Amino acid sequence: MSPFAITLDFQRGVLEPCNNFVQRHLSDMRGMYLDAAATEKATKKGDPLLYEVYQYDIPFETGQLLVVTTVLQSGKVGDEYYMTKGHFHEKEDTAEVYLGLQGRGCLLLETAGGDFEALPVKPGTLTYIPPYWAHRMVNTGEENFVFFGVYPADAGHNYGDIEKTGFAKVLVAKDGQPTLVPNPKRGKR
Ligand code: PAN
Ligand code: ZN
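**Q** I keep staring at the nonpolar core and nothing clicks. Help me out?
**A** For soluble globular proteins, nonpolar side chains are generally found buried alongside one another. Met-29, Tyr-33, Leu-50, Leu-107 and Met-137 are the most contacted members of the largest nonpolar core, which totals 45 residues. Only strand S4 (49–56), strand S5 (65–72), strand S9 (96–102), strand S10 (105–111), strand S13 (133–139), strand S14 (145–152) and strand S16 (169–174) provide two or more residues apiece to this core. If we skip the residues at most four places from it in the chain, Leu-50 touches Arg-24, His-25, Leu-26, Met-29, Tyr-33, Val-71, Leu-72, Gln-73 and Tyr-82.

This is the structure in structure tokens:
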């Protein structure tokens, strides 16, 4: 294939051109927020858009890299900040880099072995997600949280258990401040 250049709008997160655009609404994340009643209510009342993903697809082959931007809206379901689904890579021994472009957020990471990390992200924060670490971004700010990512094209995504029981900790607003609290759903896997 030939080298190429595309445009990334740092403020809006738009990749141009883009051949893989995904929108996730609250209804796509049923059961992932702790407050089931708040989820149901908000889903019925317009099913808010939570995030958009702009990816420039190239062949999903070993040696290639995928570039992707995510625009995560500001908001909460109950007390819990809007977040991405989060995943392990299907090919678990693949890493990823996330770079904060706009807004404020937090990267939650964990391993199958029980290690957990939370890294605050602002514009210019470059985070490195090593192989074997599941990753989820959370918007803890009051504007869109935009970040860029690059990862191996053959990595794939495994949403599996995370869809059912989430990460070890959840980010909720307590007295208006983002606070990490243990996830009561864990231990039920
Ligand atoms: C990112 C994520 C993107 C959306 O491109 O896929 O931010 O998050 P979810 O896939 O968890 O819904 C990435 O980590 N790719 O590997
Ligand atoms: Zn990933």
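Having put the structure on the table, let's press on.
**Q** Explain unusual backbone geometry to me, please; I cannot follow it from the model alone.
**A** Of the consecutive residues Glu-16 and Pro-17, the connecting peptide bond is found in the cis state with omega at 0°. Along the chain, the position of Pro-17 falls in the loop between strand S2 (15–16) and strand S3 (20–25). For Asp-47, which is not a glycine, the phi torsion comes out positive at approximately 45°. Mapped onto the secondary structure, Asp-47 falls in the loop between helix H1 (36–44) and S4. At Asp-175, a residue that is not glycine, the phi angle is positive and equals roughly 50°. Topologically, Asp-175 is positioned in the loop between S16 and strand S17 (177–182). For Asp-175, a relative accessible area of 83% gives the class exposed.

**Q** Can you help me understand the coordination of the zinc ion (ligand 2) in this one?
**A** Around a metal, the perfect tetrahedron of four donors has angles of 109.5 degrees, and the perfect octahedron of six donors has angles of 90 or 180 degrees. Coordination sphere of the zinc ion (ligand 2), protein contribution only: His-87 (NE2), His-89 (NE2), Glu-96 (OE) and His-135 (NE2), at 2.1 to 2.3 Å. Coordination at the zinc ion (ligand 2) comes from six donor atoms whose angles at the metal span 75 to 174°, giving a geometry best classed as octahedral. For His-87, a relative accessible area of 8% translates into the label buried. The exposure class of His-135 is buried, given its relative accessible area of 1%.

**Q** Mind showing me how you'd approach the sheet that holds S5 here?
**A** In sheet architecture, strand pairing relies on hydrogen bonds along the backbone and comes in two forms, parallel and antiparallel. One open sheet holds the six strands; their spatial order is S3-S4-S5-S14-S9-S12, and the pairing between them is antiparallel. Either end of the sheet is taken by a strand with one partner, and the two such strands are S3 and strand S12 (126–129). Averaged over neighbouring strand pairs, the angle between their axes works out to 20° when direction is ignored.

**Q** Please clarify how the sheet that holds S13 should be interpreted in this entry.
**A** Pairing is antiparallel across the open sheet formed by three strands, whose spatial order is S11-S10-S13. Of all strands in the sheet, those bounded by a partner on one side alone are strand S11 (116–121) and S13. On average, each strand axis in the sheet is tilted by 20° relative to the strand beside it, whichever way the strands run. In the sheet, S10 pairs with S11 via six bridges, with the strands oriented antiparallel. Residue pairing for S11: Leu-109 is matched across the bridge by Glu-117.

**Q** Just to check I follow, could you spell out the pairing of S10 for this structure?
**A** Both faces of the sheet carry side chains from a regular strand, because those side chains alternate between them. Summarising burial for S10: seven of the seven residues are buried, a large majority. Along S10, one buried face is formed by Gly-105, Leu-107, Leu-109 and Thr-111 and the opposite face, lined by Cys-106, Leu-108 and Glu-110, is buried too. Hairpin geometry of S10 and S11 is characterised by an intervening segment of four residues between the two adjacent antiparallel strands and by a positive phi of about 105° at Gly-114. Bridge count between S10 and S13: seven bridges; the pairing is antiparallel. Paired with Leu-108 across the strands is Arg-136, a residue of S13.

**Q** I would appreciate a short explanation of the site of ligand 1 in the present structure.
**A** Not every one of the 17 residues close to ligand 1 is listed here, only the nearest: Tyr-51, Thr-70, Gly-86, Tyr-98 and Tyr-159. At 3.1 Å from an oxygen atom of ligand 1 is found a side-chain nitrogen or oxygen belonging to His-89. Between an oxygen atom of ligand 1 and a side-chain N or O atom of His-157, the distance comes to 2.8 Å. Burial of ligand 1 by the protein amounts to 97% of the accessible area it has alone, namely 390 Å². For the shell around ligand 1, the elements supplying multiple residues, two or more each, are S4, S5, S9 and S14. Across the shell around ligand 1, the residue classes tally to seven nonpolar, seven polar and three charged.

Basis of the calculations
Residues numbered from 1 in each chain as written. Chains lettered and ligands numbered in written order. Predicted model: local features only at pLDDT ≥ 70, side-chain atom pairs only at ≥ 80, totals over all residues. Heavy atoms only, no water. Core = buried A, V, L, I, M, F, W, Y, C linked by side-chain atoms within 4.5 Å. Buried < 20%, exposed > 50% of the residue type's maximum accessible area, 1.4 Å probe, protein only. Helix = DSSP H or I, 4+ residues; strand = E, 2+ residues; numbered from the N terminus. Contact = heavy atoms within 4.5 Å. Donors = N, O, S within 2.8 Å, 3.2 Å for Na, K, Ca; no water. Tetrahedral: all angles 85-135°; square planar, octahedral: opposite > 155°, others 65-115°. Pairing = 2+ DSSP bridges. Axes fitted to C-alpha atoms, helices over the stretch in contact; angles between N-to-C directions. Near = heavy atom within 4 Å. Polar contact = N/O pair within 3.5 Å; in protein donor to acceptor, adjacent residues only side chain to side chain. Areas by Shrake-Rupley, 256 points an atom, 1.4 Å probe, with all protein chains shown as cover. Nonpolar A, V, L, I, M, F, W, Y, C, P; charged D, E, K, R; others polar.

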